[in-house]
Amino acid sequence: MRVNTSRLFFNTGLIIGFLSSFFLLDSNFSTQQATYWNAKHDVRHHGHTVENKSSAANSSGSTRILCWIMTGPNYLESRTKHIRNTWAKRCNKVLYMSSVKTDFPTVGLNVSEGRENLYWKTIRAFQYIHRHHLDEADWFLKADDDTFVVVENLRYTLSRYDPLKPLYLGRRFTPFIRQGYMSGGAGYVLSKEALRRFVEGFDTGKCTHFTTIEDIAVGQCMETMKVEPADSRDIKGRQTFHPYPPDHYLVRQASRPRPWYLIYDHYPPVEGPGCCSDFVVSFHYIYAVQLYALEYLTYHLRPYGYKYRFNPDEKTEFQTTTKST
Amino acid sequence: MFDLHFLPLNVDNLIHARPEACFPPSAKCPVSEYSTIGDHEGETEMARQSYGTSTCSYDTSLLQATPVSMEPPPVSAAKMLCEGGHFMKGMVMGGLFCLFLSLLGSFRLSTESKTDDSNHHHHHVKAPSKDELTRLSDVHMQEFGNQVQVSCIIMVQPKILVYWATAVDTWSKHCDKAVFYTSESSKALEAVDLNENDDWARLRKALKHAYENAGDLRWFFVAQATTFAIIENLKYLVLAKDPNEPFYLGNVMKSGELEYVVYDSGIVLSYEALKRLVHVLKDEDKCPERGRALWQLSEDKQLAVCLKYTGVFAENGEDAHGKGLFNSKSVDSLIADSMKANPRNVVEGCCADMAVTFNGMSPNQMQVMMFGVYRLRPYGHDFHDSIVFNPPDGSDND
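Fair warning: this is a prediction, and the values are worked out from it, not measured in the lab.

Trainee: I'd like a rundown of the packing of aromatic side chains, residues and numbers included.
Mentor: Geometry of an aromatic ring pair is reported as the spacing of the ring centres plus the angle between the planes. Applying the stated criterion to the full structure yields 28 aromatic pairs over all chains. Relative to Tyr-379 of chain B, the ring of Tyr-156 of chain A has its centre 3.7 Å away and its plane inclined at 15°; by these criteria the two rings are stacked. With one member in each of two chains, Tyr-156 of chain A in helix H5 (residues 151–158) and Tyr-379 of chain B in the loop between helix H12 (363–374) and strand E14 (381–383) form a pair that bridges those chains. Among the aromatic side chains, those forming a connected cluster through ring pairs are Phe-173, Phe-176, Tyr-181, Tyr-244, Tyr-249, Trp-260, Tyr-261, Tyr-264 and Tyr-285 of chain A. Against the face of Tyr-75 of chain A rests Arg-79 of chain A, its NZ or CZ located 4.0 Å from the ring centre.

Structure, rendered in structure tokens:
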């Protein structure tokens, strides 16, 4: 009996030893992969086939945009740095607004950090820009440090409006303010005249810090100073500014109660592919990896030879409008 | 049978050490249960003993000198230890046996590496460069564009129904022909039901079916529904290549001596390659349906083995700068890698402009990709590509 159990143990051990070695070896084969990119890979500028950048996108001539990024010392490394590496350089001028001045470089607004100070920071930021940089741009964009902006598409959207008129654009929301207001997260842009009026409002006391909610507060001041919200949608009525990442809008959803950010929309919201213009201006809640990923999708990855469905230049020029519908 | 001589340790000592702990020498000679290991000179006389002989030629030299005791092993704990000892010996033997078999087998125990032969031209297939394209006339180019037609072979299963549905609604619309092959049918979606659970057998059947129904199509793209593909960029890669030549393209990895195209980043086959494959599939010696080896290779390696017999070798698909076009990772994953490797040049150091595939993306991410690839772009950047691919009919997300 002893002999048999010993033999049994031995044979069992033999089988288990064999199988474990087998699986160990097999997993070694199938899961091991060389690192995808190693340091010696040449990082060369990719050459595309003849790329034609039209003058509107490239020049500092007709539509000059000053971008200011609302940020703070805690986010320079994790967020703002990546914005500096990607879309910020496409603005004609970019300013990083923080509570303190640094070599990033950031402008010190002399306002504390924190959600309750967002409106103070906004007021001080616009006042600063008005004092020091008014003549350097025609349009003034406010963005967060987790916003992705396609500056060329912003220029394109603004090209039909006159910066000397009192206008501002963004993702228009209906509640709280009679003429509505622009979502803060999606970013909003003031014309030169709108900026003048905003600063004048605070100088004269017509606009006050009546709430800490920055976007509603700006909307109120705009209404008080008779600055009009303009339509930022493309000629097919598709939105360009988005307060959430792309998957919140593009994915076809089974029917369910509408989320708040669509209920707030001034223009009838669309879910699925019709949500968003090809020439998107902004997405929000976009952090490091997604920021670079969007940069890759927008400026690099493309289907060779593909004839895009939406080609506004092939059609007749759309009418210029300065009033929102 | 096999030779244990090369083993550094003396197996015999391992086997025969301290047998007296379990089987104290008694009048009866202990029978060695290890005699089944096989003939070799290291074995002692003990192995040839059998029950019932009155005399024993008992080789005591291997035994430790311990007092002979007639007592059976005292406590069960000691016995367990002894049995455990046998078990451990068995395990070690089993492990060594497996190791040895793998050394004997067709594949060596070398670690997999990305094929590094950047100087061996025949291992890499590059997309045409700007210069190469400008040399061809516009008429020529458009002809190429019209002629390059891709038949997509998409492998699905009901358990990944969401991916299946997503593939139907997204990238597969850009194939000139897309056929879904499933392991078992689903009421929700249409597919060719192969009624087959074995991955390799299923792939064989699908490829055979695709070949038999090829029609005029000369390029074949095999992918799982969990892969996302940009077919226009696949066409761009094979634009100037003759499908009557054998091409077997994708993301090439090396397993020992075998170079194979990784399944999850998509496999491209020219008509000639597929034709040769379908013929060799009939050869049960070279290309058995149920793997002959003791363990089964993954189906992408099996494919490479079969194709190798027909003289078709895996080639890495790259752009004109040598960047791989077929990716086994998602965009986010590749970006994250690039942030570590090239923090100052994340996007440029990441992925090809004309990438063909990505893997590991969720169904929602694939829907976002349709927008990101086919629509999202900066106004004013116009590429005057040498050919035009029209958008598919009846689609709203591209």
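Still to come is the rest of the account.
Trainee: Report on the layout of surface pockets, specifying residues and quantitative values.
Mentor: All names here are of chain A. In this structure, the largest pocket encloses a volume near 840 Å³. Every residue lining the largest pocket is counted, 33 residues in all, and those nearest its centre are Arg-115, Leu-118, Asp-144, Glu-214 and His-284. Elements represented by at least two residues in the lining of the largest pocket include exactly helix H4 (118–132), strand E5 (139–144) and helix H7 (214–224). Here the element with the most residues in the lining of the largest pocket is H7; it accounts for three residues. Within the lining of the largest pocket, the residues separate by chemical class into 14 nonpolar, nine polar and 10 charged.

Trainee: Any details on the environment of Asp-103 of chain A? Residues and values, ideally.
Mentor: Residues and elements named next belong to chain A. Residue placement: Asp-103 occurs in the loop between strand E3 (93–98) and strand E4 (107–108). Residue classification places Asp-103 among the exposed residues on the basis of a relative accessible area of 79%. Taking the C-alpha atoms as reference points, Asp-103 and Leu-167, separated by 64 residues in sequence, lie 33 Å from one another.

Trainee: Run through the sheet that holds strand E11 (residues 267–270) of chain B, naming residues and quoting values.
Mentor: All names here are of chain B. Strand order in the open sheet formed by eight strands is E2-E12-E8-E11-E6-E3-E4-E5, with mixed pairing between adjacent strands. Two strands close off the open sheet at either side, each with one partner strand: strand E2 (124–126) and strand E5 (192–193). Across six bridges, the pairing between strand E3 (residues 150–156) and strand E6 (residues 219–224) is parallel. Bridge pairing links Met-155 to Gln-224 in E6. Relative to the sheet, helix H10 (residues 299–309) contacts strand E8 (248–250) and E11, its axis offset from that of E8 by approximately 150°.

Trainee: Give a detailed account of the confidence of the model for chain A, specifying residues and quantitative values.
Mentor: All names here are of chain A. Across chain A, the average pLDDT comes to 86, with 84% of residues at or above 70. Ignoring residues within four places in sequence, the model shows residues 29–50, a span with pLDDT below 50, making 51 contacts including any to other chains. Residue range residues 54–60 is modelled with pLDDT below 50. Its contacts to residues more than four positions away, or to other chains, number 10 contacts.

Trainee: Can you explain unusual backbone geometry? Please cite residues and give values.
Mentor: Residues and elements named next belong to chain A. A cis geometry characterises the amide bond from Phe-104 onward to Pro-105, with omega recorded as 15°. Looking at where Pro-105 falls in the secondary structure, it is placed in the loop between E3 and E4. The phi torsion at Phe-176 lies on the positive side, around 75°, for a residue other than glycine. Residue placement: Phe-176 occurs in the loop between strand E8 (172–173) and strand E9 (181–182). In this structure, Tyr-285 is a non-glycine residue whose phi angle is positive, near 60°. Locating Tyr-285 in the fold gives a position in the loop between strand E12 (282–284) and helix H10 (288–299). Residue Tyr-285 is classed as partly exposed on the basis of its relative accessible area, which comes to 37%.

Trainee: Give a description of the pattern of salt bridges that names residues and reports values.
Mentor: Side-chain pairing between opposite charges can occur once the charged atoms of the two side chains come close. Overall, the coordinates contain 32 salt bridges over all chains when judged by the stated rule. Between Arg-375 of chain B and Asp-278 of chain A there is a salt bridge, with the nearest N and O atoms lying 2.8 Å from each other. Of the two residues, Arg-375 of chain B is situated in the loop between H12 and E14 and Asp-278 of chain A in the loop between helix H9 (260–263) and E12; the pairing between them involves two chains. With relative accessibility at 3%, the residue Arg-375 of chain B sits in the buried group. Using a relative accessible area of 2% as the deciding quantity, one classes Asp-278 of chain A as buried. Salt bridges sharing common partners tie together Asp-234, Arg-238 and Asp-278 of chain A together with Arg-375 and Arg-377 of chain B.

Cut-offs and rules
- Residues numbered from 1 in each chain as written.
- Chains lettered and ligands numbered in written order.
- Predicted model: local features only at pLDDT ≥ 70, side-chain atom pairs only at ≥ 80, totals over all residues.
- Heavy atoms only, no water.
- Phe/Tyr/Trp six-rings, centres within 6.5 Å; stacked < 30°, edge-to-face > 60°.
- Helix = DSSP H or I, 4+ residues; strand = E, 2+ residues; numbered from the N terminus.
- Lys NZ or Arg CZ within 6 Å of the ring centre and 35° of its normal.
- 1 Å grid on protein atoms, 1.4 Å probe; cavity = no way out; pocket = protein on both sides within 12 Å on 5 of 7 lines; lining within 4 Å.
- Points joined across faces, edges and corners; volume = space filled by probe spheres on them.
- Nonpolar A, V, L, I, M, F, W, Y, C, P; charged D, E, K, R; others polar.
- Buried < 20%, exposed > 50% of the residue type's maximum accessible area, 1.4 Å probe, protein only.
- Pairing = 2+ DSSP bridges.
- Contact = heavy atoms within 4.5 Å.
- Axes fitted to C-alpha atoms, helices over the stretch in contact; angles between N-to-C directions.
- pLDDT = per-residue confidence, 0-100.
- Salt bridge = Lys/Arg side-chain N within 4 Å of Asp/Glu carboxyl O.

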